[in-house]
Structure formats: C-alpha cells, structure tokens
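# Understanding the architecture of this molecule
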Amino acid sequence: MPDPNQDALIEARISIATLEAEVSHLTAGMIDLKASQAAMGAKLDAVLAQLSEAKGGWKTLMLVGGAASSIGAGLTWLLNHIPKG
C-alpha cells in the first residue's frame, strides 16, 4: 500500500513545477511588456518633439493666411465700391 505522505509529496512537487512554469511565462510576458512600453515612450517623445517644432510654424501660417484673406477682402470691397464710369 502506497504511503500517503509520499503521494502528498509527489503532488506538491507537481504543483511547484506548475507554478514555476507559470511564473516563468509571466516573467517573459513582463519583459515583453516593458520593452513594448519603452518603445512606445520613445515614439511618444518623437511625436512631442515634432509637435514642438511645428508649434511656431502653424502660428506663422495662420498669420500669413489671415493677412492674405484680409488683403483679399479689402481689395474686393474696394473694387465693389469704386464708381464705375
């Protein structure tokens, strides 16, 4: 007849081996997650750098566009209000 302590010991060893395998998979997943997060952080830094460079450019573009539309509106008003004769 098998010893009940021996069966419990075998069962405990199997449980420990299963847990070790799960921890190993979780550790590998965490390493992948950290690498992915680092890559996303680098991409975000690149996007923020690009946006900071473009910050002055869009203001200049808006200034030029506003000035051009004001000049165009002024010329249109002037041409409509010049007496034709």
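Up top you'll find the structure we're talking about.
All values reported here derive from a predicted model rather than from experimental measurement.

The next thing to look at is the overall build of the protein chain. When helices and strands are tallied, the protein chain shows 1 helix and 0 strands. Relative to the globule expectation of 12 Å for 85 residues, the C-alpha radius of gyration of the protein chain, 36 Å, shows a markedly less compact shape. Within the protein chain, the proportion of its 85 residues that are buried is 0%. For the protein chain, the exposed area adds up to about 7,700 Å²; of that, 70% sits on carbon and sulfur atoms.

All right, on to helix α1 (residues 4-81) then. Helix length check: α1 (78 residues) gives 109 Å between terminal C-alpha atoms against 116 Å at 1.5 Å per residue, within 8%. At A54, α1 is bent by approximately 35 degrees, the largest bend along its length.

You can see I10 is positioned in helix α1. Taking the relative accessible area as the measure of exposure, I10 reaches 40% and is therefore partly exposed. For the pair formed by I10 and V64, sequence separation is 54 residues and the distance between their alpha carbons is 80 Å.

Calculation rules
- Residues numbered from 1 in each chain as written.
- Predicted model: local features only at pLDDT ≥ 70, side-chain atom pairs only at ≥ 80, totals over all residues.
- Heavy atoms only, no water.
- Helix = DSSP H or I, 4+ residues; strand = E, 2+ residues; numbered from the N terminus.
- Rg over C-alpha atoms; globule rule 2.2 N^0.38 Å.
- Buried < 20%, exposed > 50% of the residue type's maximum accessible area, 1.4 Å probe, protein only.
- Areas by Shrake-Rupley, 256 points an atom, 1.4 Å probe, with all protein chains shown as cover.
- Expected span 1.5 Å × (residues − 1).
- Bend = angle between axes of the 7 residues up to and from the residue.

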